[in-house]
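# Fold and contact review
Listed here are the chains, written in short residue letters.
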2 protein chains.
Amino acid sequence: MQFRPVKEQLEILMRGVTDIVPQDELEKKLQKSYDTGVPLRIKMGVDPTAPDVHFGHTVVMRKLRQFQDLGHTVVLIVGDYTAQIGDPSGRNKARPRLTHEQVLENAKEYQEQFFKVVRRDQVEIHYNGEWFSKLPFSKVTELMGQFTVAQMLEREDFHNRYAANTPISLHEFMYPMMQGYDSVAIQSDVELGGTDQKFNVLRGRDLQLFEGMEPQIGLFMPILLGTDGKVKMSKSIGNYVGLNEPADVMYHKIYSLSDSIVENWFELLTNIPLEEVKQMMADVASGKMNPNEAKHRLAIDIVTQYYGAEAAEAAAAKEREIHSGNAIPSDAAECSVDAGSYGALDLLVNIKAFASKGEARRMVQNGGVKIGGEKLADPQAQIEIKGGDQLVVQVGKRKFYKVNF
Amino acid sequence: MQFRPVKEQLEILMRGVTDIVPQDELEKKLQKSYDTGVPLRIKMGVDPTAPDVHFGHTVVMRKLRQFQDLGHTVVLIVGDYTAQIGDPSGRNKARPRLTHEQVLENAKEYQEQFFKVVRRDQVEIHYNGEWFSKLPFSKVTELMGQFTVAQMLEREDFHNRYAANTPISLHEFMYPMMQGYDSVAIQSDVELGGTDQKFNVLRGRDLQLFEGMEPQIGLFMPILLGTDGKVKMSKSIGNYVGLNEPADVMYHKIYSLSDSIVENWFELLTNIPLEEVKQMMADVASGKMNPNEAKHRLAIDIVTQYYGAEAAEAAAAKEREIHSGNAIPSDAAECSVDAGSYGALDLLVNIKAFASKGEARRMVQNGGVKIGGEKLADPQAQIEIKGGDQLVVQVGKRKFYKVNF
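Since the model is a prediction, treat every value here as computed from it, not as a measurement. (Residues numbered from 1 in each chain as written. Chains lettered and ligands numbered in written order. Predicted model: local features only at pLDDT ≥ 70, side-chain atom pairs only at ≥ 80, totals over all residues. Heavy atoms only, no water.)

### Some details on the sheet that holds strand β7 (residues 333-336) of chain B
Residues and elements named next belong to chain B. Inclusion rule: Paired strands, as defined in this entry, are two strands with at least two bridges between them according to DSSP. Numbering goes from the N terminus for both helices and strands, where a helix is a DSSP run of H or I of at least four residues and a strand is a run of E of at least two.
Taking strand neighbours across the sheet as the criterion, the five strands line up as β7-β13-β12-β9-β10 in an open arrangement whose pairing is mixed. On the outer flanks of this sheet lie β7 and β10 (374-375), each paired with one strand and no other. Bridge analysis of strand β12 (residues 390-395) against strand β13 (residues 399-404) gives six bridges, and the strand direction is antiparallel. Across the sheet, the residue bridging to V392 is K402, located in β13.

### What to know about the side chain of H72 of chain B
Residues and elements named next belong to chain B. Heads up, the condition is: For the exposure calls, accessible area comes from a 1.4 Å probe over protein chains only, and a residue counts as buried if that area is under 20% of its type's maximum, exposed if over 50%, partly exposed in between. In protein, a polar contact means a hydrogen-donor-capable atom and an acceptor-capable atom, both N or O and within 3.5 Å, with residues adjacent in sequence counting only if both atoms are side-chain atoms; elsewhere, any N or O pair within 3.5 Å suffices. Should any heavy atoms of two residues lie within 4.5 Å, those residues are counted as being in contact.
Summarising the element assignment, H72 is placed in the loop between α3 (55-69) and β3 (73-78). The exposure class assigned to H72 is buried, which follows from its relative accessible area of 0%. Of note is the side chain of H72, whose polar atom sits 2.8 Å from the side chain of Q9. If we ignore the near neighbours within four places in the chain, the residues touching H72 are F3, Q9, L30, S33, P39, L40, I42, F67 and Q122.

### Notes on the sheet that holds strand β3 (residues 73-78) of chain A
All names here are of chain A. Quick note on the threshold: Under this scheme, a helix contributes an axis fitted over its contacting stretch, all axes are lines through C-alpha atoms, and angles between N-to-C directions fall in the 0 to 180 degree range.
Strand order in this open sheet of six strands is β1-β6-β5-β2-β3-β4, and the pairing throughout is mixed. If you trace the sheet from one side to the other, it starts and ends with β1 (19-21) and β4 (123-127), each paired once. This sheet shows a mean twist of 25° between the axes of neighbouring strands, independent of strand direction. With respect to the sheet, helix α2 (residues 25-36) is in contact with β1, β5 (190-194) and β6 (217-221), its orientation differing from that of β6 by roughly 115°. Lying on the sheet, helix α3 (residues 55-69) is in contact with β2 (41-46), β3, β4, β5 and β6; it crosses β5 at an angle near 155°.

### Examining the relation of the copies chain B and chain A
The test is simple: Fitting of the copies onto one another was done by least squares over C-alpha atoms, counting residues only where both copies have pLDDT of at least 70.
Overlaying chain B on chain A yields an RMSD of 0.2 Å, the required transformation being a rotation through 179° with an accompanying axial translation of 0.1 Å. Within this description, the copies of the chain are treated as partners about a two-fold rotation axis.

### With respect to the interface of chain B and chain A
Convention followed: Buried area is calculated as the accessible area (1.4 Å probe) missing from two parts once they are joined, with the contributions of both summed. Each reported salt bridge corresponds to a side-chain nitrogen of Lys or Arg within 4 Å of a carboxyl oxygen of Asp or Glu. Each residue is assigned to one class: nonpolar for Ala, Val, Leu, Ile, Met, Phe, Trp, Tyr, Cys and Pro, charged for Asp, Glu, Lys and Arg, and polar for all the others, Gly among them.
Listed by partner, the interface residues are 28 residues for chain B and 28 residues for chain A. Counting each side, the surface lost to burial between chain B and chain A is near 2400 Å², with a carbon and sulfur contribution of 76%. Considering only the surface of chain B that becomes buried against chain A, F137, V149 and L170 of chain B emerge as the three largest contributors, covering 32% of it. Where chain B touches chain A, the interface holds zero salt bridges. Within the residue set of the side of chain B that touches chain A, elements represented by two or more residues are α7 (137-144), α8 (149-154) and α10 (175-186) of chain B. Counting residues per element, the side of chain B that touches chain A draws most heavily on α7 of chain B, which supplies six residues. Along the lines of polarity and charge, the residues of the side of chain B that touches chain A split into 20 nonpolar, six polar and two charged.

### Here we look at the pattern of salt bridges
With the rule as written, the count across this model stands at 50 salt bridges over all chains. Taking the shortest distance from any N to any O, the salt bridge between K295 of chain B and D259 of chain B comes out at 2.7 Å. Of this pair, K295 of chain B sits in helix α15 (residues 291-307) while D259 of chain B sits in the loop between α12 (247-255) and α13 (262-269), placing them 36 residues apart in sequence. Residue K295 of chain B is classed as buried on the basis of its relative accessible area, which comes to 7%. A cluster of three or more residues bridged by salt bridges with shared partners is formed by K29, K32, D189 and E214 of chain A.

### Topic: the pairing of β6 of chain A
Residue and element names in this part refer to chain A. Note the threshold: For crossovers, right-handed means that the path from the first strand over the helix to the second runs clockwise, given strands pointing away from the viewer.
Within β6, five of the five residues are buried, leaving the element largely enclosed by the surrounding structure. Here β6 shows no split at all, with I217, L219 and M221 on one side and G218 and F220 on the other all buried. Relative to β6, β1 is paired through three bridges, and the arrangement is antiparallel. The residue bridging V21 from the neighbouring strand is G218, located in β6. For the crossover that starts at β5, traverses helix α10 (residues 198-210) and ends in the parallel β6, the hand is right-handed.

### A few points about α3 of chain B
Because an α-helix completes one turn every 3.6 residues, residues spaced three or four positions apart along the sequence face the same direction. All names here are of chain B. Going by this rule: Expected helix span is taken as 1.5 Å per residue step, with the number of steps being one fewer than the number of residues.
The end-to-end C-alpha separation of α3 is 20 Å, in line with the 21 Å expected for 15 residues at 1.5 Å each. Among the 15 residues of α3, 11 are classified as buried, and the element is accordingly described as predominantly covered. Positive phi appears at G71, one or two residues downstream of α3, with a value of about 100°.

### Focus on the pairing of strand β13 (residues 399-404) of chain A
Residue and element names in this part refer to chain A. Relative to β13, strand β7 (residues 333-336) is paired through four bridges, and the arrangement is parallel. Paired with E334 across the bridge in β13 is K402. Hairpin connection of strand β12 (residues 390-395) to β13: three residues between the antiparallel strands, including G396 at a positive phi of 65°.

### Looking at the domain arrangement of chain A
Interface size, as often reported, equals the accessible area lost upon joining of the parts. All names here are of chain A. Defined as follows: Start and end points for every domain follow an automatic or database-based domain assignment.
Taken domain by domain, chain A holds domain 1 (6-221), domain 2 (247-323) and domain 3 (333-404). Taking the mean C-alpha position of each, domain 1 and domain 2 sit 31 Å from one another. Listed per partner, the contact involves 10 residues of domain 1 and 15 residues of domain 2. For the pair domain 1 and domain 2, the two sides together bury roughly 1000 Å², of which 55% comes from carbon and sulfur. Among the residues domain 1 hides against domain 2, the three largest losses belong to R15, F55 and R62. Together they make up 69% of the total. Our count for the contact surface shared by domain 1 and domain 2 stands at 10 residue pairs in polar contact (both at pLDDT 80 or more).

### Describing unusual backbone geometry
Residue and element names in this part refer to chain A. Residue V21 is joined to P22 through a cis peptide bond whose omega torsion reads -10°. Phi angles above zero are rare outside glycine, and N165 is one such case at about 60°. Structurally, N165 is set in the loop between α8 (156-163) and α9 (175-186). Phi at K352 is positive, roughly 65°, even though this residue is not glycine. With respect to the element layout, K352 can be found in the loop between α16 (344-350) and α17 (357-365).

### Section: the environment of R398 of chain B
As for its placement among the helices and strands, R398 of chain B is situated in the loop between β12 and β13. Expressed as a C-alpha distance, the spacing of R398 of chain B and P329 of chain B, which sit 69 residues apart in the sequence, is 7.9 Å.

### Let's talk about the packing of aromatic side chains
Residue and element names in this part refer to chain A. Defined as follows: Stacked, tilted and edge-to-face are the three classes assigned to paired rings of Phe, Tyr and Trp, where Trp is represented by its six-membered ring and a pair needs centres within 6.5 Å; plane angles under 30 degrees give stacked, over 60 edge-to-face, the rest tilted.
Taken as a whole and assessed by the stated rule, the structure comprises 20 aromatic pairs over all chains. A centroid spacing of 5.3 Å and a plane angle of 75° characterise the contact between F114 and F115, whose relative ring orientation is edge-to-face. Judged by its relative accessible area of 14%, F115 is buried. Here the aromatic rings of Y251 and Y255 are separated by 5.5 Å at their centres, their planes lie at 20°, and the arrangement is stacked.

Take a look at the structure:
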């Protein structure tokens, strides 16, 4: 196979990269691949401990896609065995253990989302149970013998837990060995990961060398900050954009992004040339461009990747409609109540818009609740609910409830 | 089966014991066995890392024999898998790893010696490869998950190595799990060991509880001091008595024992009632009995266990003959030289009695060398060696060389 010149490949591949270990070997590997016509094997391991994929995960997936577009082979390792342990990297306590069935179920959902970013051709999928289920005990002890306790306890996460007397289970010390042995099993040339994966990826090099193979390179991508621009994107914190969210919700979340990380998201989540991005940011800084215009462009680019250009433009239009009160977003909560006559505050608590009548009263008094498009002025009002209709309740600017009855 | 009353059994079993964990459970286990007629399963694990067995090892073996004599079943676990790791207990560095073939070879020699103490009936022998070779990887991680890093590093040996920056390989952390899982596999009621085995034996309890079994009891025997009465018996230190040594050598080594541990050896290596031993020691202390008389009795008892009463008496007689110069011991070194004429010092170095001529000269000048029963007075003497004969060279009181030519 004929590849693009190494220099061109490097230019594309280096975008957004935090670190390559060892620095000089990627160019050599690309050169060898170019000379021999053999694609590189790009490893990515994933433990499907939770099925939801968000933009934070796509930073690495998009890099895989770039490798694919340059003709290389992606090897996705679904960690059905590693997930049963749980990667201790960056954690301050042991992960809950999942059953094999849960993991396989999550893996199915994960792959559906994975293939929204990564191409279905030029990909190999392996479950690491393929080799771990057959790994003889004597091999396990041999592989474990390649690492030392001190090496593990020098890792910041283990070190901190040990120092804080937070228990570290011995099976967690097996995790780096397992991730490393995955690299042996699939003979990877490059392993991708977030910066928190450096330790594990280097253990893969150790084990490949131990088995007499040419060791892989670690290519590390930054951790994406969430929509708040402050901390790592995470579902539990709520600062995330999920790959399965509808186009208008996705558009809205990007359009509402913290100013401080707009440039970073352009770099990590789009292919817009970096010079163009820099110019935009300069224009925003000088007042030549409205910051919302930059976010609109970012949102359109990203939503287009997942839903196409037409849906992206429709999402932008809907965002404007919602702002002017003429539409409700597609992530509005739906709920049902029986027909009857309700005190307004009772109804608001009933549909879970508020946790208590006190909270609901304060918001109504502040003018923040609309029912059927009308501002609710009197907290004592009675709301008549008849059968076979739908009522829209709006709380604040963008929380909507579709109440069916 | 009908057992002896629990109280009688306990009286025999408690002799020489250092510790039982937990204290109160042995009596309960014995009572249950007595009530149900089911023998207890007494576990002893051995990693045949070296084939030589000495008296230090027999302290635990003799306890096994007592259990057998009381009707219980001994389960010997030959650690063909654990030996490949090597027990880190009490060590200050990792053990060298043995191949499976070396281990099996050692195991054969070990068993020949084991059965000089332990009866061949009422015994089950298992190699732990029986279960470890079939242990699925997922079970390994599950078992490892029952222990914590802190628990391992609280162990004195690991703690000291970690503090001293002496590498601890991760496979060494697997050892306690393996020894523990042996107890699960054979469903042991009691595990015997030296006091240095306490940690590992308690891990067996942990894993048995984890698997929903009634946990074993740990019964710990003291570490036997060597013939010097100072440090643990050990082949490398040279203060040992091997089970394969000839009767006269065994007798001699016991007869030359340090006074300070004669009573301890009576307790741990014979069945002579402890009151009788106490009386003997009192008689020695008061001058009523010659200390050599007590050692003679100890030597006769022990040599009788391995070679019978007649051989023991013959060994005692030979010891007297050697002292009076009328016999040479059966562990005399044999060597060969070519016929010819030798300078005395050259000959002594040649047969490896001394490392250098200087050393040999000093001993000759001190009157410590006999050749052919005659004291060698002149270091410059020439020794004529003719074919087809044997010459006995004696160095000091009891080092003999049979020189063949």
